[in-house]
Amino acid sequence: LVPLDAPTQPRNYLTPSTTSRKELPSAFLARTSRKRAVSVVDEEEDLVAAIETKRRQNTIAARRSRQRKLEHTRQLEQENEELQAQVAMWKERA
């Protein structure tokens, strides 16, 4: 598994992504409609930074989820081995 502190890969698609066809994620649509006294360039840079931050957080959350799933699977496998050993022991006694 990839460590939590590993860098995330940049999004460099040669063709449009099938998983994210929208130009802007829905969470950021409301942000673009607000009226502010800043230039459009600054607003776009803030928006891009916010999207990158949100994607980074999502990547880290996915890595944590995969780690928890792996640990759970390992725990279940260990428990299964212990139970199989108990079954073998009781078969010998019987």
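Numbering of residues begins from 1 in every chain and follows the order in which that chain's sequence is written. Per-residue local features of the predicted model are confined to residues with pLDDT of at least 70, and side-chain atom pairs are confined, for both listing and counting, to 80 or more; whole-chain, interface and lining totals are unaffected and use all residues. For the side-chain quantities, the full set of heavy atoms in the structure was used; hydrogens and water were omitted.

The name recorded for the chain in an unreviewed UniProt entry is BZIP domain-containing protein, from Botryobasidium botryosum.

Details of the overall build of the chain
What counts as a helix is a DSSP run of H or I of at least four residues, what counts as a strand is a run of E of at least two, and both are numbered from the N terminus. Each helix and strand in the chain was counted, giving 2 helices and 0 strands. Any pair of residues with heavy atoms lying within 4.5 Å of one another is described as a contacting pair. Nonlocal contacts in the chain, meaning residues at least 24 apart in sequence, comprise 63% of its contacts between residues at least 6 apart. What sets the accessible areas is the Shrake-Rupley method with a 1.4 Å probe; for residues, cover comes only from the shown protein chains. Roughly 8600 Å² of accessible area belongs to the chain as shown, and the carbon and sulfur atoms make up 52% of that amount.

A short note on the UniProt feature "coiled-coil region" (unreviewed entry) in the chain
UniProt positions are given in the numbering used here, feature names are shortened, and annotations may be inferred rather than shown by experiment. UniProt marks residues 62-93 with the feature "coiled-coil region" (unreviewed entry), using the numbering shown here. Helix makes up 100% of residues 62-93 and strand 0%. Its end C-alpha atoms lie 47 Å apart.

Observations concerning the pattern of salt bridges
Note on definitions: salt bridges are taken to be side-chain nitrogens of Lys or Arg within 4 Å of carboxyl oxygens of Asp or Glu. For the structure on display, the rule yields 1 salt bridge. Across the pair Arg74 and Glu71 runs a salt bridge, and its minimum N-O distance is 3.3 Å. Here the residue Arg74 and the residue Glu71 both occupy positions in helix H2 (residues 40-93), the gap between them amounting to 3 residues, near one helical turn.

What about a negative patch on the surface?
Patch membership is restricted to residues that have no salt bridge and whose relative accessible area is over 30%. Joining uses 9 Å for like charges and 5 Å for the nonpolar side chains Val, Leu, Ile, Met, Phe, Trp and Tyr. Charged residues are defined narrowly, with Lys and Arg counted positive, Asp and Glu counted negative, and His plus the chain ends left uncounted. A single reference atom marks each charge: NZ on Lys, CZ on Arg, CG on Asp, CD on Glu. On the surface, Asp42, Glu44, Glu45 and Asp46 cluster together into a patch of negative charge. Tracing the backbone through its elements, the reader meets Asp42 in helix H2.

Some points on the layout of surface pockets
In this analysis a 1.4 Å probe is tested at points of a 1 Å grid over the protein atoms alone, and where it fits but cannot get out there is a cavity; an open set with protein on both sides within 12 Å along at least five of seven lines is a pocket; lining residues have an atom within 4 Å of a point. Grid points are joined across faces, edges and corners, and a volume is the space filled by probe spheres set on the points. Computed from the structure, the second largest pocket encloses a volume of approximately 180 Å³. For the lining of the second largest pocket, the class distribution of residues is 1 nonpolar, 3 polar and 4 charged. Think of it as three bins: nonpolar holds Ala, Val, Leu, Ile, Met, Phe, Trp, Tyr, Cys and Pro, charged holds Asp, Glu, Lys and Arg, and polar takes everything else, Gly as well.

Considerations on the UniProt feature "domain: BZIP" (unreviewed entry) in the chain
Listed under "domain: BZIP" (unreviewed entry) in the UniProt record, and renumbered for this structure, are residues 54-68. As annotated, residues 54-68 has a helix share of 100% and a strand share of 0%, and its two end C-alpha atoms lie 21 Å apart.

So, the side chain of Arg63
Looking at the secondary structure, you find Arg63 in helix H2. Identification of polar contacts relies on pairs of N or O atoms within 3.5 Å, with a donor-acceptor requirement for protein atoms, meaning one able to donate a hydrogen and the other able to accept it, and with residues adjacent in sequence counted only if both atoms are side-chain atoms. In this structure the side chain of Arg63 is engaged in a polar contact, spanning 3.5 Å, whose partner is the backbone oxygen of Leu4. Apart from the residues within four sequence positions on either side, Arg63 is in contact with Val2, Pro3, Leu4, Ala6, Pro7, Thr8 and Arg56.

A look at the environment of Pro10
Mapped onto the fold, Pro10 is located in the segment before helix H1 (29-33). For the pair Pro10 and Glu52, spaced 42 residues apart in the sequence, the C-alpha separation amounts to 9.4 Å.

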